[in-house]
Amino acid sequence: MRIRRFLGLALATATLAGMSAVGAVSAGAASSPNISRDDCTAAGGQVLARPYASYYCALPDGTTPAIT
């Protein structure tokens, strides 16, 4: 009985770890690539600043890539 409980706990932990790894990969794939200030304005976007962070570009299609 103790072994069965241990194996169930190990399986649950492995499942949760796999789900978080998939979420991290999905979030990385969904993020926008970096863009330069010139490319931002040429695409019709605005260069904006985040408080205590770097600048970003607000493009007309709603994406907000970081400024390099």
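In every chain, residue numbers begin from 1 and rise along the written sequence. It should be noted that, the model being predicted, local features are given only for residues of pLDDT at least 70 and side-chain atom pairs only at 80 or more, the latter also being counted only at that level, while totals for whole chains, interfaces and linings use all residues. The basis for the side-chain values is all heavy atoms of the structure; hydrogens and waters are excluded.

K.L.:
Mind laying out the overall build of the chain, listing which residues take part and the relevant values?
P.N.:
Helix and strand definitions here come from DSSP, where helices need a minimum of 4 consecutive H or I residues and strands a minimum of 2 consecutive E residues; each element is numbered from the N-terminal end. When helices and strands are counted, the chain shows two helices and two strands. Overall, the chain shows an N-to-C arrangement of helices and strands of α-α-β-β. Burial classes follow relative accessibility: with a 1.4 Å probe on protein chains only, a residue under 20% of its type's maximum area counts as buried, one over 50% as exposed, and anything between as partly exposed. Within the chain, the proportion of its 68 residues that are buried is 12%. Exposure was quantified through the Shrake-Rupley algorithm and a 1.4 Å probe, taking into account, for residues, occlusion by the shown protein chains and nothing else. Per element, the accessible surface of the chain, about 5400 Å² overall, is 64% carbon and sulfur.

K.L.:
Kindly report on the state of the cysteines, identifying the contributing residues and their values.
P.N.:
To count as a disulfide, a pair of cysteine sulfur atoms needs to be within 2.5 Å. With the rule as written, the count across this model stands at one disulfide. For C40, the disulfide goes to C57, at an S-S distance of 1.9 Å. Where C40 bonds to C57 through sulfur, the torsion about that S-S bond is close to 85°, and the disulfide is right-handed. With C40 in helix α2 (residues 37–42) and C57 in strand β2 (residues 55–58), the pair connects residues that are 17 residues apart, well separated along the chain. The residues C40 and C57 share a single accessibility class, namely buried.

K.L.:
Account for the environment of I67, naming residues and giving values.
P.N.:
Mapped onto the elements of the fold, I67 is located in the segment after β2. Given a relative accessible area of 14%, I67 falls into the buried group. Along the primary structure I67 and R37 are separated by 30 residues, whereas in three dimensions their C-alpha atoms are 6.3 Å apart. Beyond its immediate stretch of four places on either side in the chain, I67 contacts I35, S36, R37, C40, V47, Y55, Y56 and C57. Throughout, a residue-residue contact means that at least one pair of heavy atoms, one from each residue, lies within 4.5 Å.

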